[in-house]
Amino acid sequence: MKKLLLLLMMGIFGLGCSQQAPEVLKTGFSKEALQQKLEDEDGKTITVQQILDQHKGKIVVLDFWAGWCRDCLKALPKAEELEKNNPDIDFVFLSLERSKEGFDKSLERFHMKDKANYWFASGWKNNFNNYVDLNWIPRYMVIDQKSGIAKYYAISPEDPEIQSTIDRLSK
């Protein structure tokens, strides 16, 4: 009986923790999502819209991650390889660290200080993450030159659709 109860509990909790592709793959952002505030490394507030505006005309890969996330750390070498293989693409890292101190430590520990890094000071649940159906990290999105969503849902930097989307947009 105890084993059955344990298996049942594992199944229930496992369902809530799995990465599942959203039913609707969005191609643009809502106004509320674009107004979501983040902080840069210096603690200055910036909106998603302002971040996208800084990269207008460029292909952008959004990388949602955190230093406490084991899956993110396992994916980090492949994410670095993707970035290295696409030098003309802008990579923007969106951190889900639990504190500014954690954000700063992760940037230092994982040698990311020279990259475009932003932190959701508001936490995981916010207008942007809710809009993009963020249910797990790591997560990757490809943004086109007009700030539209070209690849909505990827859970690994090795997802071949990330590279094929970049290649298609680069032509």
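See above for the structure.
What counts and how
- Residues numbered from 1 in each chain as written.
- Predicted model: local features only at pLDDT ≥ 70, side-chain atom pairs only at ≥ 80, totals over all residues.
- Heavy atoms only, no water.
- Buried < 20%, exposed > 50% of the residue type's maximum accessible area, 1.4 Å probe, protein only.
- Helix = DSSP H or I, 4+ residues; strand = E, 2+ residues; numbered from the N terminus.
- Pairing = 2+ DSSP bridges.
- Salt bridge = Lys/Arg side-chain N within 4 Å of Asp/Glu carboxyl O.
- Polar contact = N/O pair within 3.5 Å; in protein donor to acceptor, adjacent residues only side chain to side chain.
- Phe/Tyr/Trp six-rings, centres within 6.5 Å; stacked < 30°, edge-to-face > 60°.
- Lys NZ or Arg CZ within 6 Å of the ring centre and 35° of its normal.
- Expected span 1.5 Å × (residues − 1).
- Bend = angle between axes of the 7 residues up to and from the residue.
- Contact = heavy atoms within 4.5 Å.

Q: Provide a residue-level description of the pairing of strand 6 (residues 139-143), including the pertinent values.
A: Walk down a regular strand and you will see the side chains alternate between the two sheet faces. Across the five residues that make up strand 6, a large majority, five, are buried. Across the two faces of strand 6 the burial is the same, with Arg139, Met141 and Ile143 and Tyr140 and Val142 all buried. Across five bridges, strand 3 (residues 60-65) lies against strand 6 in antiparallel orientation. Its bridge partner lying in strand 6, Val60 is registered against Ile143. Direction of pairing for strand 6 relative to strand 7 (residues 149-154): antiparallel, over a ladder of three bridges.

Q: Before we move on, could you go through the pattern of salt bridges and cite the residues and values that matter?
A: On inspection of all chains with the given rule, the structure shows nine salt bridges. Across the pair Asp133 and Lys26 runs a salt bridge, and its minimum N-O distance is 3.5 Å. With Asp133 in the loop between helix 6 (127-131) and strand 6 and Lys26 in the loop between helix 1 (2-16) and helix 2 (31-34), this pair connects stretches of sequence that are 107 residues apart. Notably, a salt bridge pairs Lys115 with Glu83, separated by 2.8 Å at the nearest N-O pair. A residue pair is termed long-range when its members are at least 10 positions apart, and Lys115 in the loop between helix 5 (100-109) and strand 5 (116-119) and Glu83 in helix 4 (residues 70-84) qualify at 32 residues. When salt bridges that share partners are traced, they join Lys78, Glu81 and Glu158 into one network.

Q: Let's hear about the environment of Trp136: which residues, and what values?
A: In this structure, Trp136 sits in the loop between helix 6 and strand 6. Between the C-alpha atom of Trp136 and that of Gln19, which follows or precedes it by 117 residues, the distance is 5.6 Å. At a separation of 3.2 Å, a polar atom in the side chain of Trp136 contacts the side chain of Asp71.

Q: Go over the packing of aromatic side chains with me, naming the residues and quoting the values.
A: Geometrically, a pair of aromatic rings is defined through the distance of the ring centres and the angle of the planes. This model, assessed by the stated rule, comprises five aromatic pairs. Pairing Phe120 with Phe128 gives two aromatic rings, centres 6.3 Å apart and planes at 20 degrees, and the pair type is stacked. Taking the relative accessible area as the measure of exposure, Phe128 reaches 0% and is therefore buried. Grouping aromatic residues by their ring pairs yields a cluster made of Phe29, Phe64, Phe120 and Phe128. In this structure, Arg98 packs its charged tip against the face of Trp68, placed 4.2 Å from the ring centre.

Q: Summarise helix 4; cite the residues concerned and give the values.
A: For helix 4, with 15 residues, the first-to-last C-alpha span of 22 Å sits near the 21 Å given by 1.5 Å per residue. Maximal helix bending in helix 4 amounts to about 45 degrees, located at Leu76; proline Pro77 follows within four positions. Where helix 4 is concerned, the buried positions are Cys72, Ala75, Leu76, Ala79 and Leu82. Taken together, the buried residues of helix 4 touch strand 3, strand 4 (90-95), strand 6 and helix 7 (160-170).

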